[in-house]
2 protein chains.
Amino acid sequence: MLQKTNFFVYPNITPKDSLFVIQNAVAKQSVLLIAGNCHVNYEGRASSKLDWGERLVMIKSDRSVLIHRSTGYEPVNWQPPGCIIQTELVNGIDLKIRAIRSQPRETLEILFDELSLVTILNLVDKGAFSLYVSEEDIKKSIMLRPSLIEENFRCIIDEKMQPTGFIDIFGVDEKGNPVIVEIKRGTVRKEAVIQLRGYIEPLSKTNPRIRGIIVAPKLGKGIKPLLDSMKLEYKRINAKKCAEILKRSEGSKISDFFTKPKS
Amino acid sequence: MLQKTNFFVYPNITPKDSLFVIQNAVAKQSVLLIAGNCHVNYEGRASSKLDWGERLVMIKSDRSVLIHRSTGYEPVNWQPPGCIIQTELVNGIDLKIRAIRSQPRETLEILFDELSLVTILNLVDKGAFSLYVSEEDIKKSIMLRPSLIEENFRCIIDEKMQPTGFIDIFGVDEKGNPVIVEIKRGTVRKEAVIQLRGYIEPLSKTNPRIRGIIVAPKLGKGIKPLLDSMKLEYKRINAKKCAEILKRSEGSKISDFFTKPKS
DNA sequence: CTATGCATGTCGATA
DNA sequence: TATCGACGTGCATAG
């Protein structure tokens, strides 16, 4: 066992000895890494079985569990934060880790017959994470500076009138035509066009002058003709410009959205 | 440096010394774990910044990159498989890791000013992963909800009439055409198609309107054209949906995986 | 609590 | 390669 200020390494620990180490690490909310030969069963919304093989199991401070194979961005099996972690010695030689989620009821069972490396990390991390432009940011930017849509565009917004998922922005152009703006943070796909069309369609029967504009940083391939055929419009928006506008209006708020201090 | 058959541990390695270790691990397609104090910038579809703090960076065999904080199921920053990994010494004292994805163009930059622990794992893992419900479960689900096959499909089944190995489900579609359903738990292979064809062939002589449908969670590569040529159909079935249907109907045991701890 | 929509979604299959 | 749909999606937010 190697001890350092912020980590402990247990090479080739026996399953029996690992019990205390793991329970202790979970209790102390450390980050636990377990590499070894294991077999995994999951039962819950679906069911899965993972045959024997060497993997890396990560149990984090919030008791989220990730089982990683040697490839793939996604863990092959997992349990979200807050689950119950149980450990048990099976047949006196194997280590069983059970991670149970209550809502929905899901159980994950990991059985190790060999542990190559157990590591405990105590990560001190208070750094703020900030993601620069979200759909909400774009919306705010447009509200702050409607000319981003076009000259003399005005937003007519009653916040209560805007349930999420419905219209992003409702406004009026310089000729007084009503305008429905749909914001996309990424590339405009067919679905977004259909969605906007769905909003415009019923309204255009009472007012044919209504316009629909999709605002996004990028237009997907082949989407332009679709927009044209549906008489909808596209306005490209620049992420950096949004960030600038937000920063200028209320400099302190820019990085407020995603701050999550950790310890 | 501790060496074992399938892992290497480098406690408190200097950024300078880590360069070779990391490059070598990436070249050899090992799984690389780097714990230390770092700062992260991401620029691509969006942009993000993560201030200084201690995290665990995982670079997997397929060059996917995951940056994990002490909490959260999801990595705070990441790069999907296949990206380019570059390492660099900054100011002679800091380690910069750059992970670049080409399509879409995205860059991830991790700057370490301190490495607490670098680990290299060589995970041998040939175990099969299967997300599934049993063939029996699928059959039950379809009996309980025939619309899983298609709208207005009806099962015409006498349980005793169904010797195993013959027809899985016999039914009628909304136009009154007889339908033979073959269920596969896993990926549909050529043999399953041949098998179903074997059932349909003789019957279609007396009734050319008979249909054959293979129900499975997955269609093998190149099987679609084969099905088409034999005028057979494929209906994808979702394991999760089956599990839900079964669970809702009553507590039927979906599986009994964990009776055998080891083989 | 459920319901809804976004995501650097990821991942796979298909044209 | 771009598009499309599914996912144990996860996740936040609204009602």
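Look a little higher up for the structure.
A brief look at the structure comes next. Nothing here was measured: the structure is a model prediction, and the numbers come from that model. (Residues numbered from 1 in each chain as written. Chains lettered and ligands numbered in written order. Predicted model: local features only at pLDDT ≥ 70, side-chain atom pairs only at ≥ 80, totals over all residues. Heavy atoms only, no water.)

Here's the deal with the overall build of chain A
Scanning chain A from terminus to terminus reveals five helices and 17 strands. Here chain A, with 263 residues, has 50% of them falling under the buried criterion. Sequence separation of at least 24 residues holds for 53% of the intrachain contacts in chain A that already meet a minimum separation of 6. (Helix = DSSP H or I, 4+ residues; strand = E, 2+ residues; numbered from the N terminus. Buried < 20%, exposed > 50% of the residue type's maximum accessible area, 1.4 Å probe, protein only. Contact = heavy atoms within 4.5 Å.)

Comments concerning the environment of Ile-245 of chain A
All names here are of chain A. Tracing the backbone through its elements, the reader meets Ile-245 in helix H5 (residues 239–249). Residue Ile-245 is classed as buried on the basis of its relative accessible area, which comes to 5%. Not counting residues within four places of it along the chain, the set of residues in contact with Ile-245 comprises Ser-141, Leu-144, Arg-145 and Leu-148.

Thoughts on the sheet that holds strand E12 (residues 169–172) of chain B
All names here are of chain B. The five strands lie next to each other as E11-E12-E13-E15-E17, forming an open sheet whose pairing is mixed. The strands lining the two open edges of the sheet, one partner per strand, are strand E11 (154–155) and strand E17 (233–236). Where strand E13 (residues 178–183) lies against strand E15 (residues 211–216), five bridges are found, and the strand directions are parallel. Bridged to Ile-180 within E15 is Gly-212. Strands in contact with helix H3 (residues 190–206) are E13 and E15; relative to E13, the strand with the most contacts, it is inclined by about 160°. (Pairing = 2+ DSSP bridges. Axes fitted to C-alpha atoms, helices over the stretch in contact; angles between N-to-C directions.)

Some details on the interface of chain B and chain A
Every contact between the two is made by 65 residues of chain B and, on the other side, 73 residues of chain A. Joining chain B to chain A, the criterion identifies four salt bridges. Taking the shortest distance from any N to any O, the salt bridge between Asp-125 of chain B and Arg-69 of chain A comes out at 2.8 Å. The interface formed by chain B and chain A contains 24 residue pairs in polar contact (both at pLDDT 80 or more). (Salt bridge = Lys/Arg side-chain N within 4 Å of Asp/Glu carboxyl O. Polar contact = N/O pair within 3.5 Å; in protein donor to acceptor, adjacent residues only side chain to side chain.)

A closer look at the layout of surface pockets
Over the atoms, a rolled probe matching the size of one water molecule traces out where space is still vacant. Looking at the largest pocket, its volume works out to about 1,100 Å³. For the largest pocket, the lining is made up of 30 residues, of which Arg-185 and Pro-217 of chain A together with Gly-44, Arg-45 and Ala-46 of chain B are closest to its centre. Of all the secondary-structure elements, those providing two or more residues to the lining of the largest pocket are strand E14 (187–188) and H5 of chain A. For the lining of the largest pocket, the element with the most residues is H5 of chain A, which contributes six residues. (1 Å grid on protein atoms, 1.4 Å probe; cavity = no way out; pocket = protein on both sides within 12 Å on 5 of 7 lines; lining within 4 Å. Points joined across faces, edges and corners; volume = space filled by probe spheres on them.)

Let's talk about helix H1 (residues 15–27) of chain B
Side chains of residues three or four places apart in an α-helix project in the same direction, reflecting 3.6 residues per turn. All names here are of chain B. Taking 1.5 Å of rise per residue, 13 residues should cover 18 Å, and H1 covers 18 Å from first to last C-alpha, within 8% of that figure. When we look at burial in H1, the residues that qualify are Pro-15, Ser-18, Leu-19, Val-21, Ile-22, Ala-25 and Val-26. Where H1 ends, the next residue or the one after it, Gln-29, has phi of about 55°, a positive value. (Expected span 1.5 Å × (residues − 1).)

Observations concerning the state of the cysteines
Throughout this description, disulfide means a covalent bond between two cysteine sulfur atoms. Residues and elements named next belong to chain A. Summed over all chains, the structure comprises zero disulfides over all chains. Here Cys-242 is not cross-linked by a disulfide; its sulfur's nearest cysteine counterpart is in Cys-155, at 12 Å. The exposure class assigned to Cys-242 is buried, which follows from its relative accessible area of 1%. (Disulfide = S-S within 2.5 Å.)

Looking at the sheet that holds strand E13 (residues 178–183) of chain A
Residue and element names in this part refer to chain A. Sheet architecture is open: five strands sit in the order E11-E12-E13-E15-E17, paired in mixed fashion. The open sheet has two edge strands with one neighbour each: strand E11 (154–155) and strand E17 (233–236). Each of E13 and strand E15 (211–216) is contacted by helix H3 (residues 190–206), which is oriented at about 160° to E13, the strand it contacts most.

A closer look at the environment of Ile-200 of chain B
Within the secondary structure, Ile-200 of chain B is located in helix H3. Among all residues touching Ile-200 of chain B, those that are not within four sequence positions of it are Ile-180, Ile-210, Arg-211, Gly-212 and Leu-232 of chain B.

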